[in-house]
Amino acid sequence: MANVYDDLERKVGIAEYASPHEGFAAVVKARYSDFIVHEVDLNGNVARLDKIETSAPAESSSTPMQVEPKEDSIAGDAAVNENSRKRKLSESAVDGASAEKESEGATSKAEVDLNSFKESLCDLVGDQTGNEVIAFLQQDEPTEQFYTLPVIDDKQVRRSIHQLIKSAEFNSAVRANNHEGRIRVWHKAFFDKMPKDTFVSGSNKQGKSKSNKQKKSDWPRDRPNFLNFVLYKENIDTGTAAKDVTRFARLNPKRGISYAGMKDKRGVTTQFCSAFRVEKEQLLAINKRDSVGGGNSSTKGSCIIRVGNLTYSNEEVKLGALIGNRFDIVLRNIDTGENDDHDTIRRKLEVAGEGFKHCGFINYFGMQRFGKSVDTHEVGLQVLKGNFEGAIDIIMREKADGDSPRVLEARRTWAKRFDGINVKEEEGKASEVEAKCARQVEKQCSRFMMCEKSIVSSLSRKPRDYKRAFTSISKNMRSMFLHAYQSFLWNKVASFRIKTGGSTEVREGDLVLLEESDTNCRTSGLKGKRVKVVDELDIKEGKFTIEDVVLPLVGSRIEYPTGSSGTFLMELLEEDGISKDAFGQIGDKEISLCGDYRKLMCKPADVTFVVKEYYDPLQPLIDTDLMDLSGTSIETEEAQKDENFLLFGMVIGFTLPPSAYATIALRELTKRPTSSEYQTKLELSGKCERNLVSKT
């Protein structure tokens, strides 16, 4: 069956396949239980829910840890016992940071505190309100003095919000008071404007810290501080699941639980987590909640959360402390060709599975790297060129991804703001018009449009200052645009290298990774990495394999391949109107683009595959941990088994490192696009791709 390509994928450089096997059409994630992920820790232990309780048995105070990550990494906040909320804490919270940072760069303490504050606040008020508060607090010149939270009926939540804000970690950056039954969060620029009689501070009226009156911890001295456990979840993302655990286990929302990695909503995932000084009984309350699921529920389903494998340890599970993820994925309604009989279908699937197992896949950055509108890399390019006005135009322009009518109107209004004005000759009028338009558009932006709101808020005060407006966006978002352009270049060069040099042999001029230090949290970056340009002698002696070959993420401190791939990269930069020097001169003090190296090919570990035959299009085809633990069998409909309605599926399993994309792995296996636009057009029965016009 002919390989299928996608214009959107080609736009960001995803344009080649590595292995010679024939592809096939298949539906992915028809059910959330078709996508199962198990985390793999630094010691190679796979997170599996193989023990679950509803009450804690009596045990000694120091239970040996079954799985203990021994390497340090950047950590998310650990959890703390609800009963110890009044305890004087000697430990300071440590902010969570992404383990997949693509470049080095300093992070100020103030920013770390605000990111940590965001995590804790979102636990209490939800992501939407929490993000709006953070955007307000990050404004350099706010027009409003305070942000008023929605009405909160839960007294405990209100109390927790005040406790969070008055803590020593955040009191210098944010304060709050009560007004007419609602909490007002004040920007630090207006602390002196706060009504003194309602200011909720970190100390009592006598100026003595309340923590001075807190009782000493009663935690047993011989018991380790961390309760490590396995978190099993269905149809819910890690962030939301962590909030639910914190709420239902009555943990302190300021600390929550810590985890090694984030997992998506649509799937069944199992991961390692920690809670600080928590009794097992508190956490096991999660397992007493009634819920449905277990892999046999409907395609939409309801979410499930379970905890198990509870053990006390001196080692906390920290963000980034994993070497990969184990995937078990169901592919449905497989179609290998127009007239293939059943034996031919099975043979082709066996060949595809073996090809994937032995060849691996091109280690592309996936489509999610480039945003919903597939334009984040375009913004990054404009920033590198110093064209901040162009960068903002891309962010603010009309999108093709279904904006609401109100947002669509806002984007169109912004695009027409200078109609009838000669901007170069009428600078004063242009500034006046832009400031007015910015104020209007800001009111029309949805609460999720954080970048757009930051931009127009800045331009409403300082019109035509586009560099200032761009830097008003959060550092993480600004970095994302630049990293997207690095990823775009990497994908383009990878496709060129595979097309011209193949996917099996090392070529003269390639870069190979000689050394990579075993960094504690497995983050990306140059530290500990050493590369070499392959020469003729290396080829003759067969020193390296294709799995050693790397391509650079362009930056100020990396080496480049000297062969045709290096030449092609320089040509790409020239076509885009920049040089490699631009990556060291981005004009943003908070961001540096040193560069990195990424393996050209990724060979998945422990590949397994099983061909399935079934009749019901939504028939469950794989067991979950919870099903195995409870002894639940897959439910099957005793429908009439008419050979005319026989369907073929495959359960494919593999383990990938944290930086690799499972969607890209499936792309290689099936020789089909990864975009949601493609998947939504497939059918669960009959001819899978009957709604598509092939692009070969």
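Numbering of residues starts from 1 in each chain and follows the order in which that chain's sequence is written. Owing to the predicted nature of the model, reporting of local features is limited to residues with pLDDT of at least 70; listing and counting of side-chain atom pairs is limited to 80 or more, with chain, interface and lining totals taken over all residues. Think of the side-chain values as coming from all heavy atoms in the structure, minus any hydrogens and water.

Chemist: Help me out: how do you make sense of the overall build of the protein chain in this one?
Modeler: Scanning the protein chain from N- to C-terminus turns up 19 helices and 19 strands. Here the protein chain, with 696 residues, has 53% of them falling under the buried criterion. A contact between two residues is defined here by any heavy atoms of the two lying within 4.5 Å. Across the protein chain, contacts joining residues at least 24 apart in sequence account for 78% of those joining residues at least 6 apart. Helix and strand labels come from DSSP, where a helix needs a run of H or I of at least four residues and a strand needs a run of E of at least two; each type is numbered from the N terminus. Here the term buried applies to any residue with accessible area under 20% of the maximum for its type, exposed to any over 50%, and partly exposed to those in between, with areas from a 1.4 Å probe on protein chains only.

Chemist: I'm lost on the pattern of salt bridges in this one. Help?
Modeler: Here the idea is simple: oppositely charged side chains can pair when their charged atoms come close. Any carboxyl oxygen of Asp or Glu that lies within 4 Å of a side-chain nitrogen of Lys or Arg is treated as forming a salt bridge with it. Per the counting criterion, the structure on display carries 32 salt bridges. The salt bridge partner of lysine 532 is aspartate 538, with a shortest N-O separation of 2.5 Å. Here lysine 532 falls in the partly exposed class, since its relative accessible area comes to 23%. Overlapping salt bridges, with partners in common, bring together Lys11, Asp375, Glu378, Arg397 and Lys399 in one network.

Chemist: Explain the nonpolar core here, please?
Modeler: Soluble, globular proteins show a tendency: their nonpolar side chains are buried together. Only buried Ala, Val, Leu, Ile, Met, Phe, Trp, Tyr and Cys residues count toward a nonpolar core, and they belong to the same one when joined by side-chain atoms within 4.5 Å. Leu331, Ile652 and Phe654 are the most contacted members of the largest nonpolar core, which totals 108 residues. Here the element with the most residues in this core is helix α14 (residues 475-501); it accounts for ten residues. Residues within four places of phenylalanine 654 in sequence aside, it is in contact with Asn325, Arg326, Phe327, Ile329, Phe356, Pro604, Ala605, Asp606, Val607, Ala662, Ala665 and Leu666.

Chemist: Looking at this structure, how should I read the packing of α14 against helix α16 (residues 564-575)?
Modeler: Geometry of a packed helix pair, given as the angle between the helix axes and the separation of the axes. Only the stretch in contact is used when a helix axis is fitted, and all axes are lines through C-alpha atoms; the angle between N-to-C directions ranges over 0 to 180 degrees. The geometry of α14 relative to α16 is characterised by a closest axis approach of 10 Å and an angle of 140° between their N-to-C directions. One finds that α14 runs oblique with respect to α16. The hand of the α14/α16 crossing is right-handed. Facing Tyr485, Leu489, Lys492, Val493, Phe496, Arg497 and Thr500 of α14, the residues of α16 in contact are Ser564, Ser565, Phe568, Leu569, Leu572 and Leu573. We call Asp, Glu, Lys and Arg charged. Ala, Val, Leu, Ile, Met, Phe, Trp, Tyr, Cys and Pro are nonpolar, and the rest, Gly among them, are polar. The class makeup of the residues in the contact of α14 with α16 is eight nonpolar, three polar and two charged. Should an angle fall under 35 degrees it is called roughly parallel, over 145 degrees roughly antiparallel, and 65 to 115 degrees roughly perpendicular, with every other angle called oblique. Should the near helix be turned anticlockwise from the far one by less than a right angle, the crossing is termed left-handed; should it be turned clockwise, right-handed.

Chemist: I'm lost on helix α9 (residues 388-396) in this one. Help?
Modeler: Given 3.6 residues to a turn, an α-helix orients residues that are three or four positions apart in the same direction. Within α9, seven of the nine residues are buried, leaving the element largely enclosed by the surrounding structure. Looking at α9, one finds that the buried residues are Phe388, Gly390, Ala391, Ile392, Ile394, Ile395 and Met396. Contacts from the buried residues of α9 go to α8 (376-384), α10 (405-415), α11 (427-444), α12 (450-461), α13 (466-471) and α14.

Chemist: Explain the confidence of the model for the protein chain to me, please; I cannot follow it from the model alone.
Modeler: Close inspection of predicted coordinates is inappropriate in any region flagged by low pLDDT. Along the chain, pLDDT gives the predictor's confidence residue by residue, from 0 to 100. With 83% of its residues at a pLDDT of at least 70, the protein chain reaches an overall mean of 83. Looking across the protein chain, the model is least confident in strand β6 (residues 199-200), with a mean pLDDT of 48, and most confident in strand β12 (residues 361-362), with 97. When the criterion is pLDDT under 50, residues 59-112 qualifies, and its contacts beyond four places in sequence or with other chains add up to 170 contacts.

Chemist: Before we go on, may I ask you to explain the pairing of strand β9 (residues 268-276) in this structure?
Modeler: Counting buried residues in β9 gives nine out of nine residues, a clear majority hidden from the surface. Along β9, one buried face is formed by Val268, Thr270, Phe272, Ser274 and Phe276 and the opposite face, lined by Thr269, Gln271, Cys273 and Ala275, is buried too. Where strand β2 (residues 35-41) lies against β9, three bridges are found, and the strand directions are parallel. Looking across to β9, one finds that valine 37 is bridged to threonine 269. Looking at chain direction, strand β7 (residues 226-234) and β9 are connected through nine bridges and run antiparallel. Of the residues in β9, the one forming a bridge with phenylalanine 229 is cysteine 273. A pair of strands is labelled paired if DSSP reports no fewer than 2 bridges between them.

Chemist: I tried to follow unusual backbone geometry on my own but got confused; where do I start?
Modeler: Most peptide bonds take the trans form, and the phi angle of most residues other than glycine is negative. Even without glycine at this site, lysine 29 takes up a positive phi of about 60°. On the secondary structure map, lysine 29 appears in the loop between β1 (25-28) and β2. Unusually for a residue other than glycine, arginine 250 sits at a positive phi of about 60°. Positionally, arginine 250 belongs in the loop between α5 (238-248) and β8 (258-259).

Chemist: Got a minute to help me understand the packing of aromatic side chains in this structure?
Modeler: For any pair of aromatic rings, the description rests on two quantities: the centre-to-centre distance and the angle between the ring planes. Classification of ring pairs rests on two measures: the distance between centres of Phe, Tyr or Trp rings, Trp counted by its six-membered ring, which must be within 6.5 Å, and the angle between planes, read as stacked under 30 degrees, edge-to-face over 60 and tilted in between. In this structure the tally under the stated criterion is 15 aromatic pairs. Aromatic pair phenylalanine 365 and tyrosine 661: ring centres 6.5 Å apart, planes at 70°, arrangement edge-to-face. Placement of the pair is phenylalanine 365 in the loop between β12 and α8 and tyrosine 661 in the loop between β19 (647-656) and α18 (662-670), with a sequence separation of 296 residues. Under the relative-accessibility criterion, phenylalanine 365 is labelled buried at 1%. Members of the aromatic cluster, connected to one another through ring pairs, are Phe35, Phe327, Phe356, Phe361 and Phe654. The rule for a charge over a ring is simple: NZ of Lys or CZ of Arg within 6 Å of the ring centre, and within 35 degrees of the ring normal. When the ring centre of phenylalanine 276 is taken as reference, the NZ or CZ atom of arginine 255 above it lies at 4.6 Å.

Chemist: Please explain the environment of arginine 346 as it appears in this structure.
Modeler: Tracing the backbone through its elements, the reader meets arginine 346 in helix α7 (residues 342-359). Considering only alpha carbons, one finds arginine 346 and phenylalanine 648, 302 residues apart in sequence, at a separation of 8.6 Å. Setting aside residues up to four positions removed in sequence, arginine 346 forms contacts with Glu613 and Phe648.

Chemist: Please explain the environment of threonine 562 as it appears in this structure.
Modeler: As for its position among the elements, threonine 562 is in the loop between β15 (549-553) and α16. We classify threonine 562 as exposed; its relative accessible area is 56%. The spacing of threonine 562 and aspartate 535 is 27 residues in sequence and 9.7 Å in space, taken between C-alpha atoms.

Chemist: So what exactly am I meant to see when it comes to the environment of aspartate 375 here?
Modeler: Counting through the fold element by element, aspartate 375 comes out in the loop between β12 and α8. The exposure class assigned to aspartate 375 is buried, which follows from its relative accessible area of 8%. Residues aspartate 375 and phenylalanine 481 lie 106 residues apart in sequence; the distance between their C-alpha atoms is 8.9 Å. When sequence neighbours within four positions are dropped, the list of residues in contact with aspartate 375 reads Phe370, Ile394, Arg397 and Lys399.

Chemist: Honestly, the side chain of glutamate 234 in this entry has me stumped. Any pointers?
Modeler: Checked against the element boundaries, glutamate 234 lands in strand β7. Although glutamate 234 is buried, it forms no salt bridge, and the closest oppositely charged side chain is arginine 31 at an N-O distance of 8.1 Å. Any pair of nitrogen or oxygen atoms within 3.5 Å is treated as a polar contact; in protein, a donor-acceptor pairing is required on top of that, and neighbouring residues in sequence qualify only through side-chain atoms on both sides. A polar side-chain atom of glutamate 234 sits 2.7 Å from a polar atom in the side chain of tyrosine 32. Only four residue types enter the tally: Lys and Arg on the positive side, Asp and Glu on the negative side, with His and both chain ends excluded.

Chemist: So what exactly am I meant to see when it comes to α18 here?
Modeler: Burial of α18 is extensive: eight of the nine residues sit out of reach of the surface. Taken residue by residue, α18 has Ala662, Ile664, Ala665, Leu666, Arg667, Glu668, Leu669 and Thr670 as its buried positions. Lysine 671 occupies a position one or two residues after α18 and carries a positive phi of about 55°.

Chemist: What should I look at first to understand the packing of α8 against α14 in this one?
Modeler: Following both chains from N to C, one finds α8 and α14 inclined at 100°, their axes separated by 7 Å at the closest point. The angle between α8 and α14 places the two elements in the roughly perpendicular class. For the pair formed by α8 and α14, the contact residues are Thr376, His377, Val379, Gly380, Leu381, Val383 and Leu384 on the first element and Met480, Phe481, Leu482, Ala484, Tyr485 and Phe488 on the second.

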